[in-house]
Amino acid sequence: MSPSPSAPSSVELVKAGDIKVVAALGDSLTTAIGANATTVLGIPIEFRHVSWSIGGYGSYEDVITLPNIIKLFNPNLLGAARGKTLHGMEADLGQTGLNLAVTGQNTFNLPGQTRHLIDTLRSFEGLNFEQDWKLLTILMGMNDICDYCKDKALFSPENFIHYMTVSLEMLMNEVPRMIVNVVQILPMQTLREVQKPTPGCLLQRSFCSCLIEPVARSAELRELVELNLEFQRRLEALLLADRFFRDDFAVVLQPFLKQADPPRLPVIHNNNPVTSSRTTSRFFSLTRLCRFSEQSGKIDMSFFTHDCFHFTIKGHEELAKGLWNNMFQPEGGKTVVSSFSDPITLVCPPMEHPYIFTRPPSATSGQYSRPHTRPVVLIYFLLSILVAFRRPGFW
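Residues numbered from 1 in each chain as written. Predicted model: local features only at pLDDT ≥ 70, side-chain atom pairs only at ≥ 80, totals over all residues. Heavy atoms only, no water.

1. What about the sheet that holds strand β6 (residues 245–246)?
Keep this limit in mind: What makes two strands pair is DSSP finding at least two bridges between them. Only runs of H or I of at least four residues qualify as helices and only runs of E of at least two qualify as strands under DSSP, and these elements are numbered from the N terminus.
The five strands are arranged β1-β4-β5-β7-β6 in an open sheet whose pairing can be described as mixed. Single-partner strands in this sheet number two, and they are β1 (19–26) and β6. Note that β6 and strand β7 (residues 249–254) share two bridges and pair antiparallel. Across the sheet, R246 pairs through a bridge with F249, a residue of β7.

2. With respect to the confidence of the model for the protein chain
Test applied: A residue's pLDDT is the predictor's confidence in that residue, given on a scale from 0 to 100. We call two residues in contact whenever any of their non-hydrogen atoms come within 4.5 Å of each other.
Of the residues in the protein chain, 84% have a pLDDT of 70 or more, and the chain-wide mean is 87. Between residues 274–294, whose pLDDT stays under 50, and residues either more than four places distant or in other chains, the model counts 30 contacts.

3. Regarding the state of the cysteines
We count it as follows: Cysteine sulfur atoms that come within 2.5 Å of each other are treated as a disulfide pair. Relative accessibility decides the category of a residue: with a 1.4 Å probe and only protein chains considered, values under 20% of the type maximum give buried, values over 50% give exposed, and everything between is partly exposed.
One pass over the full model with this rule turns up three disulfides. Disulfide pairing is shown between C201 and C308; the S-S distance is 1.5 Å. Separated by 107 residues along the polypeptide, C201 in the loop between β5 (178–183) and α7 (203–207) and C308 in the loop between α10 (286–295) and α11 (313–327) bring together distant segments of the chain. When sorted by exposure, C201 lands in the same class as C308, which is buried.

4. A short note on the side chain of T120
Within the secondary structure, T120 sits in helix α4 (residues 110–122). Once you skip the residues sitting within four places of it in the chain, T120 turns out to touch L93, L98 and L100.

5. Regarding the pairing of β7
Of all the six residues making up β7, six are buried; the element is thus mostly covered by neighbouring parts of the structure. As judged from the six bridges shared by β5 and β7, these two strands associate in the parallel manner. Looking at the pairing, I179 lines up with A250 of β7. As consecutive antiparallel partners, β6 and β7 are separated by two residues.

Structure representation (structure tokens):
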């Protein structure tokens, strides 16, 4: 799928290869804090270069990130993060790229991040601010839920939507030729199950005390679960309308995380393990089978860092694939991941509609009919080969 002969003028005709620059705003899930830490001492390190939505380390063969997928179609992509940073320390664009997320921030900080991004884009080396197409990914709001019990007014659904709206209006009013992925926040209750008896897991309580501390089935926990759902509902009400849609700008709600359950170890039925595609052996020794039986159905901790809260590279890669797939699926046909227990399979833009889907459901005039799902076979084959021969990490 080659880029368009010239930069498209319509936001509905943008291919992956037409994207000139990527950027990301958000919190620690986007800074990729601790994502490749080998011990708990590495938790303060932000591994921005392998972040799901903005990491630019190596190529698709090295680590699957949204920019590394896009680079298959435009090798000259700008903006991806190239290095690591340390939480709380200043870093330059050479390290962060346009990963301007800040660990620990809440939605009320999003307008500040947005202003920083707009000002940076205006003078970003190699970018034609007026003519080049820009792709921004935002995931924000989980820290509001984590902090809700500390200030229920500040972290209310109303304020969540207010600060999201202010930020999106800034972008729409000031930035031409931009597509904004707003990723739906995930259901957080099951993160309480991410536990193991290590000192690092004690950090989970400090990161998200309002979620971790309430006892099971308590009124406090029920309130927080309902808050989580209300955040999702309010975001859908805001973004499924055509408020943020014009000829050269669109905000798209990408829902793949809406119902995501944490990855779990395979469940055993009748002494036969039901395995995911990661399990290569079909035979188990008695010792291994017994040990496996004890763990089946529990959280797969290989997806979580030493703090039992943030994702490892393994998790980031699944987020990258989920986001990419949603970008090339029409509204009403976007995949919502039920569990990360099985690897997500990348889709390729169909020849009938090789463009990023940007039209909201309420904008009916000129709406594209839903395309067939036949993939571009050659590109799909290429992606499959690259996955098969990915080299071990160099980060």
